[in-house]
Amino acid sequence: MAQKPTLLRTLITSRHWQVFETFKLHFERTANELAEQDRDPTLVGLTVSKRQFERWYGGEVKTRPYPALCRVLEAMFRYPVDVLLGPAQESSAAADAVPRLRLVMPTRPPSSPLEPTDGNSGFDGIEFTNTPVPGDSTGRDTLERQVAMAARRAFRFSAMAEGSTIGPETLDELHQEVRRLTAAYPRLPLATLLGDLVEIQDLSFHFLEHGRVRPTQARELYLLSAITSGMLAKASHDLGDPRSAMTQARTAYVCADNADHHAMRAWVRGLQSLIAYWDSRHHEASQYAALGISQVTGVTGTSAVWLSCLHARAGAALGDATAVRESLAKAERARDTASPDDLDEFGGIMTFPVPRQLYYAADATAWLPDAPEAQQQAEAAVAAYRQAEPEDWAFGDQAGAHTDLALARVRAGTLDGVDEAIRPVLDLPADQRINGIVASVRQVHTALRDPRWLTAPEARTAREEIEAFTAAPAAALPR
């Protein structure tokens, strides 16, 4: 007699999560979300092996999973794990009698990641798997993740062991973590970074609020808090929440002010301009960029280049072609005189490389009516990202360059090459469909609704694909 499928298999199938990579993505997101809810950092980064998933999906479970895995499964599907692993028909009947579990997010962030969790020793957050055979990349990935989890746990312990006085080792580790996150932010999906960002911000705030720090340490802590808050502002923006983004950005500015860091103050003004721009508050975006430009006197790094490009883009949205060209020329002059400062040394989101400058120029030019250079600017930006060094590459800005190229071709009166330009964007996975990318793609959709293209088959196909793309943004994924 054939074995009845489990409720877990039925739910996985109904949600179309049969592909391991898809299930793994949702599992890891839920683990990180549960870690925040329960104030249990041992769940951060918890994953599941392909072999374990296949056992669950195939109903080949002879013993209950480890407690940490049970907690995540119950949070994902809202049923007790014993019901999930039981036969689907019996489980469906049992589900009527068993209250479904509900994942409740905390009303406030944890006061400190160092607070103990009730009855949790921290050891059940590790999934033990068989030793990988040569060439088994899944096993290697699992071991690497376990090593990373152990390192984070060691960092939290050392910070706790130093008590209320922050020591040089903890401060150096905080610095290295922030540097890692700034470098990773433009290149990785937000879901892989958000838990660490929240934890590092909370730990920095904890030491500033409760620790005994020397003035030089306080200044560095405020700078690290400013950078982390800036990245969380960008994260809120990427998830389509401009209000939270501005709150984080204001906090970042307060921290930059307490650090008395001139370049960081200017950088945050640029961030505020970016948030306002994508929220269609173009006058405000222009004002923030101008305010930042007024603060860059003496700043040698690439923040000055970014601010001029932001001013150009806001001016373009306001229809001021003269301001666009003047600001782009000012950005070129700032590039010629720029030399890396301490913000540039963090890399990633804290610096403004040449490919990104070319993308902003293309983005600004794309707004201008009858701009003959629009397609040329966009092609230059696409080419720059195709050839960019790894440290200069950013999936969001590369996608923006491609949408600018598609937009420029449509506005030039041809559909030739439009699909080629936008195809890499439409192929992005859902966890990379951040707010700015979705908004840029919608601009192409609007251009394709011009009466010239309404009946063109290729335009109709492109519009339908764009509608499907924008219907599943990163903000809609479970977190």
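Conventions we followed
Residues numbered from 1 in each chain as written. Predicted model: local features only at pLDDT ≥ 70, side-chain atom pairs only at ≥ 80, totals over all residues. Heavy atoms only, no water. Helix = DSSP H or I, 4+ residues; strand = E, 2+ residues; numbered from the N terminus. Expected span 1.5 Å × (residues − 1). Buried < 20%, exposed > 50% of the residue type's maximum accessible area, 1.4 Å probe, protein only. Arc of directions from axis to C-beta. Contact = heavy atoms within 4.5 Å. Lys, Arg positive; Asp, Glu negative; His and termini not counted. Salt bridge = Lys/Arg side-chain N within 4 Å of Asp/Glu carboxyl O. Phe/Tyr/Trp six-rings, centres within 6.5 Å; stacked < 30°, edge-to-face > 60°. Lys NZ or Arg CZ within 6 Å of the ring centre and 35° of its normal. Core = buried A, V, L, I, M, F, W, Y, C linked by side-chain atoms within 4.5 Å. Axes fitted to C-alpha atoms, helices over the stretch in contact; angles between N-to-C directions. Parallel < 35°, antiparallel > 145°, perpendicular 65-115°, else oblique. Left-handed = near helix turned anticlockwise from the far one by under 90°. Nonpolar A, V, L, I, M, F, W, Y, C, P; charged D, E, K, R; others polar.

### Here's the deal with helix H18 (residues 374-386)
For the α-helix, the turn length of 3.6 residues means that residues three or four positions removed from each other point alike.
Right, so step 1: Helix length check: H18, at 13 residues, gives a terminal C-alpha distance of 19 Å against a target of 18 Å (1.5 Å per residue), a fit within 8%.
Right, so step 2: Of all the positions in H18, only Ala374, Ala378, Ala381, Val382, Ala384 and Tyr385 are classed as buried. Buried residues in H18, looked at end-on, bunch into an arc of 160°, giving them a common side. Opposite its buried face, H18 presents the exposed residues Gln376 and Arg386, each directed more than 90 degrees away.
Right, so step 3: Against helix H17 (354-367) and helix H19 (395-411) lie the buried residues of H18.

### Points about the environment of Pro429
Right, so step 1: Positionally, Pro429 belongs in the loop between helix H20 (418-426) and helix H21 (435-447).
Right, so step 2: Sequence spacing of Pro429 and Phe469 is 40 residues, and the spatial spacing of their C-alpha atoms is 9.4 Å.

### Concerning the side chain of Arg463
Right, so step 1: Among the structural elements, Arg463 can be located in helix H22 (residues 457-470).
Right, so step 2: Although Arg463 lies buried, it forms no salt bridge, and the closest oppositely charged side chain, Glu467, sits 5.5 Å away as judged by the N-O distance.
Right, so step 3: Among residues more than four places away in sequence, those in contact with Arg463 are His445, Leu448, Arg449, Trp453 and Leu454.

### Let's talk about the packing of aromatic side chains
Right, so step 1: The final tally for this structure, using the stated rule, is 12 aromatic pairs.
Right, so step 2: Ring centres of Tyr359 and Tyr360 lie 5.4 Å apart, and the angle between their planes is 80°; this geometry places the pair in the edge-to-face category.
Right, so step 3: The exposure class of Tyr359 is buried, given its relative accessible area of 3%.
Right, so step 4: Site record: aromatic cluster; members linked through ring pairs are Phe20, Phe23, Phe27, Phe53, Trp56 and Tyr57.
Right, so step 5: In this structure, Arg269 packs its charged tip against the face of Tyr253, placed 3.8 Å from the ring centre.
Right, so step 6: For the cation-ring pair, Arg313 lies above Tyr360, with the distance from its terminal atom to the ring centre recorded as 4.2 Å.

### Some words on the environment of Pro215
Right, so step 1: Structurally, Pro215 is set in helix H10 (residues 215-238).
Right, so step 2: Remark: the alpha-carbon pair of Pro215 and Ala259, spanning 44 residues in sequence, is separated by 9.7 Å.

### Comments concerning the side chain of Thr30
Right, so step 1: Inspection of the secondary structure puts Thr30 in helix H2 (residues 20-38).
Right, so step 2: Those residues in contact with Thr30 that lie beyond four places of it in its chain are Val72, Ala75 and Met76.

### Points about the nonpolar core
Right, so step 1: Core analysis: the largest hydrophobic core is formed by 97 residues, its most contacted members being Ile227, Met264, Trp267 and Ile437.
Right, so step 2: Considering each element in turn, this core owes the most residues, 11 residues, to helix H12 (residues 262-278).
Right, so step 3: Not counting the four nearest positions on each side in its chain, Ile227 is found in contact with Val178, Thr182, Met264, Leu343, Phe346 and Met350.
Right, so step 4: With 30 residues, the next largest nonpolar core counts Ile12, Leu43, Val83 and Leu84 among its residues.

### Here's the deal with unusual backbone geometry
Right, so step 1: Backbone geometry at His16 places phi at a positive 60°, although glycine is not the residue there.
Right, so step 2: Considering the arrangement of structural elements, one finds His16 in the loop between helix H1 (7-14) and H2.
Right, so step 3: You can call His16 exposed: its relative accessible area is 62%.

### What about the packing of H17 against H18?
Right, so step 1: Contact geometry of H17 with H18 gives a least axis separation of 8 Å together with a crossing angle of 155°. The angle between the axes of H17 and H18 places the two elements in the roughly antiparallel class. When the axes of H17 and H18 are compared, the crossing they make is left-handed. Taken together, the residues of H18 that come into contact with H17 (itself represented by Pro355, Arg356, Leu358, Tyr359, Ala361, Ala362 and Thr365) are Ala374, Gln377, Ala378, Ala380, Ala381, Ala384 and Tyr385.
Right, so step 2: Tallied by class, the residues present in the contact of H17 with H18 amount to 11 nonpolar, two polar and one charged.

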